[in-house]
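# Close look at the chain arrangement
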Amino acid sequence: MNLNASSQLKETANKAHDIYESHIKAVAKKFKFSPEPSRAEINQSPLVLVIGNHSSGKSSFINQILGLDVQRTSLAPMDDGFTIIAHGDGEEIDGAAVVSNEEWCYQGLQDFGPGLVSHIVMKQQNSEVLKDLTIVDSPGMIDARVDPGSDVHDRGYDFLKVVRWFAQRADVILLFFDPDNPGTTGETLKILKEALQDLDHKLELIMNKVDRFSNHRDFARCYGALCWNLARAIPRLDLPHINIMYLKGHDTPENHLPLKDFDDAREEVFAKVKNAPAKRVDNIVTQIYEYARALRVHTRVIEEARRDFSGVVWKLRGLTASIFLLGSSVTSVVYSTTEDTPAGWASALVMTVVLTGLSFFGLDVFSKRYQADLLERLNAVFEKAFHQELTLGHHSEDLRALWAGVRARVLLILESGAGSLPKLKAKELSQLDHAIVKMLPALRAQIHPGKKEKKEKAEE
Ligand SMILES: Nc1nc2c(ncn2[C@@H]2O[C@H](COP(=O)(O)OP(=O)(O)OP(=O)(O)O)[C@@H](O)[C@H]2O)c(=O)[nH]1
Ligand SMILES: [Mg+2]
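Figured I'd write up the structure that's included with this text.

Rules used in this analysis
- Residues numbered from 1 in each chain as written.
- Chains lettered and ligands numbered in written order.
- Predicted model: local features only at pLDDT ≥ 70, side-chain atom pairs only at ≥ 80, totals over all residues.
- Near = placed C-beta within 6 Å.
- Nonpolar A, V, L, I, M, F, W, Y, C, P; charged D, E, K, R; others polar.
- Helix = DSSP H or I, 4+ residues; strand = E, 2+ residues; numbered from the N terminus.
- Expected span 1.5 Å × (residues − 1).
- Bend = angle between axes of the 7 residues up to and from the residue.
- Buried ≥ 20, exposed ≤ 12 C-beta atoms within 10 Å, placed from the backbone.
- Core = buried A, V, L, I, M, F, W, Y, C linked by C-beta atoms within 7 Å.
- Contact = placed C-beta atoms within 7 Å.
- Axes fitted to C-alpha atoms, helices over the stretch in contact; angles between N-to-C directions.
- Parallel < 35°, antiparallel > 145°, perpendicular 65-115°, else oblique.
- Left-handed = near helix turned anticlockwise from the far one by under 90°.
- Pairing = 2+ DSSP bridges.
- Arc of directions from axis to C-beta.

## Focus: the site of ligand 1
- Gly57, Ser59, Thr73, Gly140 and His250 are the nearest of the 22 residues found near ligand 1.
- Of the residues belonging to the shell around ligand 1, the class tally is five nonpolar, twelve polar and five charged.

Pasting the structure below:
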């Protein structure tokens, strides 16, 4: 990485982390929101994730951009694990050593279990390109139709979640298709819909091996099929750009398409990969920004649930206290008037104790029921917490997507006891809002001063 880019990257990472430390971290901790981006994650080398159908040319692409023979390639399914290709002197490091190294950012992968760790390897290579970025090669997807809810293809670990883990941290994601599998059924469909959700800003779709078409009709048919399938998988009105290319050295003799344009497209994809460090600067800010926005939804729903729950519970506590006070006063009145006939005041005392005990018991049962009810109407709690923003229609789709992302965690926290939820202080919320609305956008504007100028000119 050139010195300028590398120092800008460091400076931005530090500033973003400072915002996190001063305005976000304490609330995240208080509301048990995780996983928090660690300094190692924020300072990680720019990351390029290569995924796609098996045999679509992922490993060949990596070899070609590096100008090295790092990955084995073959028409038969080749890679069954994740290969992290980083800068170094030719060493090969196994998964266990990779995920336990505190200086790298892969510790989180341990959560996916030994089934994954044994399918990870790091290859260190002495390549100019790798000085600026790290590339992750992945197992090919099997593009067979699968039953909904099935595990798709048992690899011994949750492939979908692992892809999402890498994709969230990547700065550029290349998704490869090839003429043999232009469809997006089965595993690819699941990856697009679930693992790459909300990450399309860093996604590059690639239709590789166009040299395999012998004529324009075959090409059009295949491109059409890919677009059709993508439209079903990507919930967007416009179709994302598809990079159509082939890899040099493979051109098939029966090809009759003019390949020059596709040569240019390949160079463009190479340039996009090499631009990952510049994207990294942006992504650092985006990462913290998205984290803070999700945290805002998380905390506000918990706060709404806490108010809802404690409002009812306090009313019930008040009722119990009133029963106790009323019973005690009745007992003392009865006692003062019938001091000589213990049966009178004793029965008033027993009545008070029994009624108070019953209402305590009732309070406990009701609280548990109410908590269960609260969990069931959690979506309504979210709607109430964000009623104003949702009604005004300001980013309501966005808000709902954020809610879908944090819902499981909120549920877990509420299940562990709605009676002991933390209270969201006005100051904490305003700090979080300040980071989201002012500080992080200001940091982004510093990275792209040109954009700000343009916007200001447009506003004038
Ligand atoms: N004709 C042609 N063949 C290609 C192209 N790119 C790759 N290949 C060939 O396609 C086969 C599969 O390539 P790989 O790079 O191993 O594919 P992969 O996506 O890594 O495959 P898995 O690791 O199994 O998922 C190899 O025989 C490559 O030589 C291309 O652009 N055109
Ligand atoms: Mg491969």
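From this point, the discussion proceeds with the structure in view.
## Looking at helix α14 (residues 396–415)
- A rise of 1.5 Å per residue sets the reference length of α14, with its 20 residues, at 28 Å; its end C-alpha atoms lie 27 Å apart and thus fit the reference within 8%.
- Along its length, α14 shows its largest kink, about 50°, at Val406.
- When α14 is considered as a whole, its buried residues turn out to be Leu402, Trp403, Val406, Val410 and Leu414.
- Gly417 sits one or two residues past α14 and shows a positive phi near 140°.

## Some words on the nonpolar core
- Counting 58 residues, the largest nonpolar core has Val48, Leu49, Val50 and Ile173 as the members making the most contacts within it.
- With residues up to four places along the chain from it excluded, the contact list for Ile173 reads Leu49, Ile51, Ala167, Leu196, Leu199, Lys202, Leu203 and Glu204.
- The next biggest cluster of nonpolar side chains, apart from the first, holds 38 residues, and it includes Ile19, Tyr20, Ala305 and Val406.

## Remarks on the environment of Val172
- Residue placement: Val172 occurs in strand β6 (residues 172–177).
- Under the C-beta neighbour-count criterion, Val172 is labelled buried, with 23 such atoms within 10 Å.
- A sequence separation of 124 residues divides Val172 from Val48, and the C-alpha atoms of the two residues are 4.9 Å apart.
- Filtering out sequence-adjacent residues up to four positions away, Val172 remains in contact with Val48, Lys202, Glu204, Lys272, Val273, Ala276 and Lys279.

## With respect to the packing of helix α6 (residues 159–169) against helix α7 (residues 186–195)
- At a minimum axis distance of 10 Å, the contact between α6 and α7 shows a crossing angle of 50°. Considering their axes alone, α6 and α7 lie oblique with respect to each other. Where α6 crosses over α7, the two elements pack in a sense that is right-handed. Across from Leu160, Val163, Arg164 and Ala167 in α6, the residues of α7 making contact are Lys190, Ile191, Glu194 and Ala195.
- Here the contact of α6 with α7 is composed, by residue class, of five nonpolar, no polar and three charged.

## Focus: the sheet that holds strand β7 (residues 203–207)
- If you walk across this open sheet you meet the eight strands as β3-β4-β2-β5-β1-β6-β7-β8, and the pairing is mixed. Unpaired on one side and paired on the other, β3 (92–94) and β8 (242–244) mark the two borders of the sheet. The sheet shows a mean angle of 25° between the axes of neighbouring strands, taken without regard to direction.
- In this sheet, strand β4 (residues 120–125) lies alongside β3 in antiparallel orientation, the contact comprising three bridges. What sits directly across from Glu92, in β4, is Lys123.
- Sheet strands in contact with helix α9 (residues 260–274) are β1 (47–52), β6, β7 and β8, and its direction is about 125° off that of β8.

## Structural notes on the environment of Asp211
- Looking at where Asp211 falls in the secondary structure, it is placed in the loop between β7 and α8 (216–233).
- The spatial distance from the C-alpha of Asp211 to the C-alpha of His256 is 8.2 Å, given a sequence separation of 45 residues.

## Looking at α8
- Its 18 residues give α8 an end-to-end C-alpha distance of 26 Å, which sits within 8% of 26 Å, the value for a rise of 1.5 Å per residue.
- Considered for burial, the residues of α8 that qualify are Cys222, Leu226, Asn229 and Leu230. Axial view of α8: buried residues confined to an arc of 100°, hence all on one face. For α8, exposure combined with an orientation more than 90 degrees from the buried face picks out His216, Arg217, Ala220 and Gly224.
- Turning to α8, the residues buried within the fold contact β6, β7 and β8.

## What about the pairing of strand β2 (residues 82–87)?
- Among the six residues of β2, five are classified as buried, and the element is accordingly described as predominantly covered.
- In this structure, β2 lies alongside β4, joined through six bridges in parallel fashion. Note on β4: the bridge partner recorded for Ala86 is Gln124.
- Where β2 meets strand β5 (residues 134–137), three bridges bridge the pair, whose relative direction is antiparallel. Its bridge partner being in β5, Ile85 is matched across the sheet by Ile135.

## Examining the pairing of β6
- With respect to burial, β6 is a largely interior element, six of its six residues being buried.
- Alternating positions in β6 separate into two faces, Val172, Leu174 and Phe176 on one and Ile173, Leu175 and Phe177 on the other, with burial throughout.
- Here β1 runs beside β6; their pairing, made up of five bridges, is parallel. Among the inter-strand pairings, Leu49 is bridged to a residue of β6, identified as Ile173.
- Both β6 and β7 contribute to a ladder of five bridges, which runs parallel. From the neighbouring strand, Leu175 faces β7, where its bridge partner is Leu205.

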